[in-house]
Structure formats: C-alpha cells, structure tokens
Amino acid sequence: MIDEMLSQLSQWLQGEGLESEIVISCRIRLARNLSGYPFVTRATETDRRSIRDIVYRVANEIFEQSSFYFVDIDTLPTLDRMYLLERQLISRELVESVGIRAALIDKNESFCIMINEEDHLRIHATTSGFEPMRIWQILNEIDDKLSKSLSYSFHPKLGYLSACPTNVGTGMRVSVMLHLPALAVTKEIEKVFRSLKKVHLAVRGLYGENSQPVGDLYQISNQITLGKTEPELIKTLQNFVPQILTFEKQSRDFLMREQREILLDRCSRAVGLLKTARTIGSVETLHHLSSLRLGVHLGIIENITIDEVNRLFLNTQPAHLQKILGEQLSQNNRDVERAKYLRSNLGSI
Amino acid sequence: MKCQKCNKPAMFHITELTGDKPEEHHFCELHAKEYLNETSQNSDTESSDGLTAALADSPVQKNPMTKVSAELQAIDRQVCPVCGISFYDFRNRGRLGCANDYDCFAKQLEPLITNIHGASEHVGKKPSEIKLQLNDSMKLIKLRRDLDTAINEEDYKKASKIRDEIKKLEN
Ligand SMILES: [Zn+2]
Ligand SMILES: [Zn+2]
C-alpha cells in the first residue's frame, strides 16, 4: 500500500486549488457513532472488533473493492503509521491509542474513514485550495451511503451523538490550513487570532498538537458543531477566510514595498541553508521551506514550482524520508539524509 | 445560599487552600465554571480545547488543594446504568461512555453544551431512517457489557443466552 502511495503526491498537496498561494488545504470531518455499542472509551475489544468488521463489510458493499485500502492500524508497523499521519490521512490519536482500530483510505486519498478513533467513525476528506462546499458534497454523499447500512447514534434533540460533547450535533469540523508567513512577520497575526475567537473559530499550528505552529502554517476551524446546519458552519469559514487571505496578501505587498531587502535576505538565506546544510532537523527544515514557499510566490525565487516545494514539505518529514530511502534511520542519520535529500532536490535554484 | 456573583442558588462550594488562609467561594454552575476556568490551565487535544474552556473542569484534578463540596461529589458519583461510566470519569477524561449519557447526565451536560455551542438543538442533516430504536440500542449496549462479564466469569451458559438476546435485538 505504502509503496503505491509513495509514487503519488497527496491530492491536497498538489497545490493547484483555489487561492493555493496561501491556502494549503481544506478539510472536513464528520464524527459518527453506531447505535447499540458504547462509545470507544467504554468499548471492549469484542465491541471494537465488531465495529471494525461492520464498517469493513458495509464499505465493501458501497465502494468499489479495488478503490480503497483497509488498514488495521493496531497491527501496522510504527513507521507505516507515522507515514499515514504525516500524510494527514490518520490522526495522532489513531496512531497512539491502543486496541483494535483501522482506517479505510480511498486510493486517490480523496477521503478516509478512521474506525475506533475518538468516535466509532471519523470520516474526512481534504482538497488543496479553499473549496469547503465541494468537500461537503463528497462527504455528505459518503455519509448518506453509509447511513443506509449503518445504524447511526442519533438523538432527536442533539443530533449525531459523539463521545465528546464538543462534537455533538453535526459532528462536523471544517478546517483550512493556511500559510501565513507575512502576517507572522508583521505580527498582525495576533489580531487575526483575536477576531477569529469572536466568531468561534479556533486556530492551531500544523504539526503536533502541543508544538508551536511551525513553518508559519496555521489551521483554522469551527468550534461550534450544534445549532447550525452544515452549510451554515461552512459559511462562517467562507466569510472569514477570504479576509485573512486579503490581509496576508496586503502584508506581503507591504513587506515587498517597505522591507524588500529583509524579505530577500530571509528567502535567500533559507535557500542557502537548505542547499548547503549537511545535517538538518525536520522543524528547521519546515521553517526554511516556509520562507522558500513565500519566495516562490513573490517571484524572488525562481526555477522551482510550488508543487515541488509542497513535495519537499511532505518528503522531508521523518517517516516519509525513511520510506523513500527504504530503511529505518536513527534521528542523527535522518538529519544527515534529509540534508542530502534537500541538496539533491534544490539543485536547480 | 446564593451565588456570590449573581442571584442564583449556589451549587458549588469551593475552598481554596492555596493562599495563606482558606478562602470560601460559593457559585452557581455558570460562575463556578468561570471561576475554575480562570484558575486552571487547559490541555490541548482537539476535543478538550472547547471542553475545558466550558466545563467546570475537575477541581480535584486540576487543583489538588481545592476541596470540593459534597454536592459536587454526589454529582461525580452518578453512574450511567447502561455503560457504567461515572460523571467523574467523564470530567476527568472528557469522553462520554455511551449515547445514554446525554440523557442520564442531561442536567449537567445541558448547560455545558449550551456553553460550548451557544445552542441546544441540532438543526443540521438527519439520517434517512432510524434503524434501531433508542430503547433497543441501550439494551444492546447493556447486554454486550453483560456478555463480556459472563465470559470473564467463564459463565458460558449465561453468555450463550445473552448472545441469543443480542441476535434477537439486532434483527
Ligand atoms: Zn452566579
Ligand atoms: Zn453510558
């Protein structure tokens, strides 16, 4: 499975979507639970197995059998789990929890169903660019198909029931990943965060739940899941995200006008570092790739496409790097190999 | 006794032992949440973000020097008859045990849900049909738990009887 994936770039990283100079990807997930079973925290291994088997059976009925991978995460080697995590197909919770759990992954990576994560089912889909309504149509259709064969836990007043009350109702989380280097430089980003809070949108960094946003990548998502319809929840983001995009673009223009040398310096230093380093960690790499990406969009850096930069974002992460090289590596060796990989892929600039 | 911040009855009585001398606080549910949120630091997993912000987070866990009143302890001891989770477990882990918890802990969860979402009723999509009546769904969860117990106790006669009952309900 992983070998097949290695040859393709995740759809959401293909960088050709709407507003792709700032929007990295857009994602929606739905939380669903089966009636007649306790939520995952109270489920026995027997329950977890039944839930896995039910979803597997139903998936085979409604999807073309050759169109998806069904991966048992509990028996999957750690490196492969990390690989799927880096590709954003599965969550850290699914990687790290214990017990029977699985993931159904569409071969085009256009949607994925996590089984026995926080909820029995977490159905999610991602696109590059900002097109939440299109994702919603895809997911809504999958959800409708599933609900014909699965018995969802649905409350007359509260809607779809979830293990955590924060997801009850629609069970829907819409999120968009933005690359906001200029807002970060001009410190305007704090203002954006404050205004997002007022409309109940949450912001977090891309990599690692606990870590600071690395590479100026920020994820914005709805906090509320109850009392609004799915399209209304999407609308909140649709109202707000374009404003952030405009704000980021203005900041980029401002920097190009007023601090051109500083900006040029940042981008060319990043290129220099990435092209000459002999050992480099993944966080430092993200940081400099962020500057590289900005430079490409501003026309400061030439001879490399956004696609290629996106590919570097993904392929320099630990599990991807090891899969590409075909061997398990210690952290020190990874840092050396990462530097080598970057040098050989940045020869053109 | 009334809440020290508003006129509602005080449900939460908190004794702070962190300062020089004990400090008594009396709050309604809303103001207790507000107070406890100010004093506790949030964790940061996806779901608990909003939850800790809204939940009168476990004072026992977050602030070991805080004494909790008997009323709060009584709420904590409530157990869902279907899945066996206590309200204390929920507050600690931030995860409910089964669908029935939304009803059996409704008194505690309703204000919490309103606080998180600013709403109390679902208006989004619905499944095309409800396949399993709520009642049967709860029975099934309970039976599955009983089955697990029977197997652990090696009472195979009982286990096979429960299996039959589960099959009947599933059809
Ligand atoms: Zn009050
Ligand atoms: Zn329960």
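Cut-offs and rules
- Residues numbered from 1 in each chain as written.
- Chains lettered and ligands numbered in written order.
- Predicted model: local features only at pLDDT ≥ 70, side-chain atom pairs only at ≥ 80, totals over all residues.
- Heavy atoms only, no water.
- Helix = DSSP H or I, 4+ residues; strand = E, 2+ residues; numbered from the N terminus.
- Buried < 20%, exposed > 50% of the residue type's maximum accessible area, 1.4 Å probe, protein only.
- Contact = heavy atoms within 4.5 Å.
- Areas by Shrake-Rupley, 256 points an atom, 1.4 Å probe, with all protein chains shown as cover.
- Domains from an automatic or database assignment.
- Buried area = accessible area lost by both parts, 1.4 Å probe.
- Salt bridge = Lys/Arg side-chain N within 4 Å of Asp/Glu carboxyl O.
- Polar contact = N/O pair within 3.5 Å; in protein donor to acceptor, adjacent residues only side chain to side chain.
- Pairing = 2+ DSSP bridges.
- Donors = N, O, S within 2.8 Å, 3.2 Å for Na, K, Ca; no water.
- Tetrahedral: all angles 85-135°; square planar, octahedral: opposite > 155°, others 65-115°.

Q: What am I meant to see in the overall build of chain B here?
A: Secondary structure summary: chain B contains nine helices and three strands in total. Its helices and strands in sequence order give chain B the pattern β-β-α-α-α-β-α-α-α-α-α-α, from N to C terminus. In chain B, which comprises 171 residues, the proportion classed as buried is 46%. Counted over contacts in chain B with a minimum sequence separation of 6, partners at least 24 positions apart contribute 39%. Just so you have it, chain B exposes about 9,500 Å², and 50% of that area is on carbon and sulfur atoms.

Q: Quick question: what am I supposed to make of the domain arrangement of chain A here?
A: Many descriptions give the size of an interface as the accessible area lost when the pieces come together. Residue and element names in this part refer to chain A. On domain assignment, one finds that chain A holds domain 1 (2-251) and domain 2 (259-345). The C-alpha centroid of domain 2 is placed 26 Å from the C-alpha centroid of domain 1. Opposite the 26 residues of domain 1 that make contact, domain 2 presents 21 residues. Summed over both partners, the interface of domain 1 with domain 2 comes to about 2,200 Å²; 63% of that surface belongs to carbon and sulfur atoms. Inspection of the region where domain 1 meets domain 2 yields two salt bridges. The partner of Lys323 in a salt bridge is Asp80, and the shortest N-O contact between them spans 2.7 Å. The tally of links from domain 1 across to domain 2 stands at eleven residue pairs in polar contact (both at pLDDT 80 or more). At the level of elements, helix 1 (2-6), strand 1 (23-32), helix 3 (78-86) and helix 6 (181-185) are the ones that each hand at least two residues to the side of domain 1 that touches domain 2. Tallying contributions element by element places helix 3 first for the side of domain 1 that touches domain 2, with five residues.

Q: Is there a simple way to think about the pairing of strand 4 (residues 111-115) of chain A in this case?
A: A regular strand carries its side chains on alternate faces of the sheet. Residue and element names in this part refer to chain A. Counting buried residues in strand 4 gives five out of five residues, a clear majority hidden from the surface. Looking at chain direction, strand 3 (residues 102-106) and strand 4 are connected through four bridges and run antiparallel. Considered in strand 4, the bridge of Ala102 is made with Ile115. Linking two consecutive strands that pair antiparallel, namely strand 3 and strand 4, is a turn of four residues; a positive phi of about 60° is found at Glu109 within it. Relative to strand 5 (residues 121-127), strand 4 is paired through five bridges, and the arrangement is antiparallel. Note that in strand 5 the partner of Cys112 across the bridge is His124. Between strand 4 and strand 5, which pair antiparallel and follow one another directly, the connecting turn spans five residues, one of which, Asn116, has a positive phi of 60°.

Q: Just to check I follow, could you spell out the coordination of the zinc ion (ligand 2) for this structure?
A: The textbook angles at a metal center are 109.5 degrees for a tetrahedron of four donors and 90 or 180 degrees for an octahedron of six. Residue and element names in this part refer to chain B. Binding of the zinc ion (ligand 2) to the protein goes through Cys80 (SG), Cys83 (SG), Cys98 (SG) and Asp101 (OD), at separations of 1.9 to 2.3 Å. One can describe the donor arrangement at the zinc ion (ligand 2) as tetrahedral, given that its four donor atoms subtend angles of 96 to 122° at the metal. Coordination of the zinc ion (ligand 2) draws on donor residues from a single chain, spaced C-x2-C-x14-C-x2-D in sequence. In this pair, Cys83 is assigned in the loop between helix 4 (70-77) and helix 5 (87-93) and Asp101 in helix 6 (residues 101-104), connecting sequence segments 18 residues apart. Judged on exposure class, the residue Cys83 and its partner Asp101 are both buried.

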